[in-house]
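What follows is the residue order along each chain.
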Amino acid sequence: MSEGSGWVEIVLLALLAAFIGLRLVSVLGKRTGQERPIGDSFRPSAEVTAPPRREAERPVRGQLLLPPGTDRGLLPALEAVADADPGFAPDRFLAGARSAYGLILEAFWAGDLSGLASLVSDEVHHNLSSAIEARGSGRLPNRLISVGAAGLRDATVVGQMVEVTVAFVARIATSDGETETRDLWTFSRLAGSTDPAWVLIATDNEDDSDQMPPDHLGDDSTTAG
């Protein structure tokens, strides 16, 4: 190889290297010292701020409408129940309680509790069954004539449960004639449950014991809780 051709090859290689270097600079750019480390494209820069997080808005409870005759002093307790159990409405609850009152009484007098499992607690169901067995499992002649009044008497939140007590004034026909009874029944349910049912957890009465009709559900022998 001649000395002249060797110089030509060196010059051509230098020109090629210079050309490649210029192309890399045009594509990649020059380092300025401000480049972010590898991986920073997955991290927000100091100039980028995340949008503010919106807190979950709790539904605003409307003003409770108290059924006629309800003591206004009971409103804070009912509001506490409504706050714990957003589906609670005093008027709808009271209408359901009136219906349950009649169904439970009639089933107890008939000696048939098979359909009441969803309306009473296990303890109340056991007590009613024991009372039916004690009287010989026969049907009583009692009959519910009317529920003259039903009013909210108490309300409370116990852990995850809500409890509401209702006072009933009813006329009942017995083998000895008609009589008036005043019962206090307490219903309970799991706050926020998708199951709308309330269950009877306790019974009591405001009557004098000597005026109570025989085998009436409000008798202390069937009181639960």
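Residues numbered from 1 in each chain as written. Predicted model: local features only at pLDDT ≥ 70, side-chain atom pairs only at ≥ 80, totals over all residues. Heavy atoms only, no water.

Novice: What exactly am I supposed to notice about the sheet that holds strand β3 (residues 177-190) here?
Specialist: Here we have 4 strands laid out as an open sheet, ordered β1-β2-β3-β4, and antiparallel in their pairing. Edge strands, defined here as strands with exactly one partner in the open sheet, are β1 (143-158) and β4 (199-205). For this sheet the average axis-to-axis angle between neighbouring strands, irrespective of direction, equals 25°. Here 14 bridges tie strand β2 (residues 161-174) to β3, and the two strands are oriented antiparallel to one another. Across the sheet, V166 pairs through a bridge with W185, a residue of β3. Across the sheet, helix α2 (residues 75-84) touches β1 and β2, and the angle it forms with β1 is around 75°. (Pairing = 2+ DSSP bridges. Helix = DSSP H or I, 4+ residues; strand = E, 2+ residues; numbered from the N terminus. Axes fitted to C-alpha atoms, helices over the stretch in contact; angles between N-to-C directions. Contact = heavy atoms within 4.5 Å.)

Novice: Whenever I open this one, helix α3 (residues 90-110) confuses me. Can you help?
Specialist: Helical periodicity: at 3.6 residues per turn, an α-helix aligns residues three or four positions apart in one direction. Taking 1.5 Å per residue as the helical rise, α3 with its 21 residues ought to reach 30 Å, and the 30 Å between its terminal C-alpha atoms agrees with that figure. Those residues of α3 that sit buried are P90, F93, L94, A97, A100, Y101, G102, I104, L105, A107, F108 and W109. Looking at the residues trailing α3, positive phi occurs at G111, about 75°. (Expected span 1.5 Å × (residues − 1). Buried < 20%, exposed > 50% of the residue type's maximum accessible area, 1.4 Å probe, protein only.)

Novice: Would you explain the layout of surface pockets in this entry?
Specialist: It is a probe the size of a water molecule, rolled over the atoms, that shows where empty space is left. Quantified by volume, the largest pocket comes out at close to 300 Å³. Contributing to the lining of the largest pocket are 17 residues, with R92, F93, P196, A197 and W198 lying nearest its centre. Contributions of two or more residues to the lining of the largest pocket are made by α3 and β3. Residues that form the lining of the largest pocket fall into these classes: 11 nonpolar, 3 polar and 3 charged. (1 Å grid on protein atoms, 1.4 Å probe; cavity = no way out; pocket = protein on both sides within 12 Å on 5 of 7 lines; lining within 4 Å. Points joined across faces, edges and corners; volume = space filled by probe spheres on them. Nonpolar A, V, L, I, M, F, W, Y, C, P; charged D, E, K, R; others polar.)

Novice: What is the right way to read the nonpolar core from this model?
Specialist: Side chains of nonpolar character tend, in soluble globular proteins, to be buried together. With 42 residues, the main nonpolar core has F93, I104, V166, F168 and F187 as its most contacted residues. Among the elements of the structure, α2, α3, α4 (122-134), β1, β2 and β3 are those that each provide at least two residues to this core. (Core = buried A, V, L, I, M, F, W, Y, C linked by side-chain atoms within 4.5 Å.)

Novice: Looking at this model, I keep getting lost on the side chain of S121. Mind explaining?
Specialist: Relative to the helices and strands, S121 resides in the loop between α3 and α4. The buried category is assigned to S121, whose relative accessible area is 16%. Apart from residues no more than four positions distant in its own chain, S121 is found in contact with V199, L200 and I201.

Novice: What is the right way to read the pattern of salt bridges from this model?
Specialist: For the structure on display, the rule yields 3 salt bridges. The partner of E180 in a salt bridge is R182, with the nearest N and O atoms 3.3 Å apart. Residue E180 is classed as partly exposed on the basis of its relative accessible area of 33%. (Salt bridge = Lys/Arg side-chain N within 4 Å of Asp/Glu carboxyl O.)

Novice: Looking at this structure, I do not really get α4. What am I missing?
Specialist: Taking 1.5 Å as the rise per residue, α4 with 13 residues should run 18 Å; its terminal C-alpha atoms sit 18 Å apart, in good agreement. All buried positions along α4 are accounted for by V124, N127, L128, A131 and I132. The arc enclosing the buried residues of α4, seen along the axis, measures out at 135°, which places them on a common side. Seen from the open side of α4, the exposed residues pointing more than 90 degrees away from its buried face are D122, H126, E133 and A134. If you follow the buried residues of α4, they end up packed against α3 and β4. (Arc of directions from axis to C-beta.)

Novice: Explain the packing of aromatic side chains here, please?
Specialist: Here the distance between the centres and the angle between the planes together describe a pair of aromatic rings. Under the criterion given, the structure shown has 8 aromatic pairs. Look at Y101 and F168: their rings are 4.2 Å apart centre to centre, the planes differ by 15°, and that puts the pair in the stacked class. Highlighted residues: Y101 in helix α3 and F168 in strand β2, separated in sequence by 67 residues. On the accessibility criterion, Y101 (0% relative accessible area) is buried. Look at F168 and you get buried, because its relative accessible area is 1%. Members of the aromatic cluster, each reached through a chain of ring pairs, are F88, F93, Y101, F168, W185, F187 and W198. Its guanidinium or amino end placed over the ring of F108, R135 lies 4.9 Å from that ring's centre, counting from NZ or CZ. (Phe/Tyr/Trp six-rings, centres within 6.5 Å; stacked < 30°, edge-to-face > 60°. Lys NZ or Arg CZ within 6 Å of the ring centre and 35° of its normal.)

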